[in-house]
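Observations on the model geometry
The residues making up each chain are set out below.
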Amino acid sequence: MTAENTAGAYIVVQTGAVGKRIELWKEATTIGRSRDCDIFLADIAVHRKQASIVWTIAGYVLRDDNGSNDSFVNGRPIQEVLLNNGDELLFGNSKVTFHASEGTRPFQLPVSRGRESHMGQAPDAQPPVMARLELVSGRSSVRSIELFATMTIGRSRDCDIFLEDLAVSRLHATINELPNGEFELVDNKSATGTHVNGRATKRSVLHDGDMVQIGANAFKFLMSPTP
C-alpha cells in the first residue's frame with residue numbers, strides 16, 4: 001500500500017476536552033491497551049488487543065479483534081463494518097472519530113488558533129495556514145502531525161507527539177505557536193538535545209522546510225494553506 005492510497009484519512013481520539021489526531025497510513029492499524037498496538041488507549045475498559053482499522057479496496061474497515069462484541073460504531077456493536085466519514089467509534093470509555101479525507105475536518109481543538117472566532121465572517125485575503133511535522137525517518141506511529149498552539153514531544157505516552165525511542169527524554173521538547181503565527185521549538189533540557197537543520201538548539205523559531213531531529217526521529221516542518 002502506498003501513501004497515496006491512504007492520503008487524508010485519520011482519526012481523532014478524544015482525551016477530556018482535547019482531541020488527538022492520528023493519521024492512518026498502514027494497511028492495518030491496531031488499537032488497544034497494549035503498548036504494542038499502533039494506537040495505545042490508556043483505558044482499563046479497553047482490551048489489550050481491541051480492534052483494527054484495515055484498508056481495503058472499498059475503504060477503511062473497522063474489525064473487532066477481541067470477539068467480545070464491545071467495539072461500537074455510532075452506538076452499535078460491530079464485528080466488522082465499513083467506516084464512513086464522521087463515524088463515532090467507542091472502545092471502553094474511549095471515544096474516537098473517523099475522518100475519511102483531509103477535506104473534511106469538522107473538529108476543533110480548544111487551542112485552534114482562533115479559527116472559530118472567524119466563522120461566518122468574510123474570508124481573509126490570505127487563506128489560513130496549517131503547520132505540520134512530516135516524519136522523514138524514525139519510529140513515530142504517525143507520518144503527519146498537525147500542530148496546534150502548544151504541543152509536547154517525548155517518550156511519555158502523555159505527550160501530544162509520542163516517540164518510542166530511548167534516546168528521547170520523557171518530555172523532550174515543546175512546540176509553541178507565537179502571537180504572530182510562527183512556531184517555536186523549545187528543548188526541555190533533554191538528555192540528547194534537540195536539533196534544527198543539524199544544529200543543537202535550546203529555542204528556535206521554525207521556518208517552512210526546516211528539519212527537526214529528536215533522538216532517531218527526523219521531521220520536516222511544513223507550512224501550507226488549509227483546504
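Just so it is clear, the model here is predicted, and its values are computed rather than measured.

With respect to the side chain of Thr 174
With respect to the helices, strands and loops of the structure, Thr 174 is situated in strand 16 (residues 173-177). Residue Thr 174 is classed as buried on the basis of its relative accessible area, which comes to 12%. Side chain to side chain, Thr 174 and Asn 188 meet in a polar contact 3.0 Å long. The contact partners of Thr 174, leaving out residues within four places of it in the chain, are Thr 150, Met 151, Thr 152, Glu 184, Leu 185, Val 186 and Asn 188.

Side note on the sheet that holds strand 3 (residues 28-32)
One open sheet holds the five strands; their spatial order is 4-3-5-6-9, and the pairing between them is mixed. Because the sheet does not close on itself, it has two edges, and the strands there are strand 4 (39-40) and strand 9 (80-82). As paired elements, strand 3 and strand 4 share two bridges and run parallel to each other. Pairing of Gly 32 across the sheet is with Phe 40, part of strand 4.

What counts, and at which threshold
Per chain, the residues get numbers from 1 upward, laid out in the order the sequence is written. Where local features are concerned, this predicted model is filtered to residues with pLDDT of at least 70; where side-chain atom pairs are given and counted, the filter is 80 or more; whole-chain, interface and lining totals use all residues. For side-chain calculations, the full set of non-hydrogen atoms in the structure is used, while hydrogens and water are omitted. In DSSP terms, a helix is any run of H or I states spanning at least four residues, a strand is any run of E spanning at least two, and both are numbered starting from the N terminus. Only protein chains enter the area calculation, which uses a 1.4 Å probe; residues under 20% of their type maximum are buried, those over 50% are exposed, and those in between are partly exposed. Pairing of N or O atoms within 3.5 Å defines a polar contact, subject to two protein rules: one partner must be a possible hydrogen donor and the other a possible acceptor, and residues neighboring in sequence count only if both atoms are side-chain atoms. Contacts are assigned to residue pairs with any non-hydrogen atoms lying within 4.5 Å of each other. The rule for pairing is simple: two strands pair if DSSP sees at least two bridges between them.

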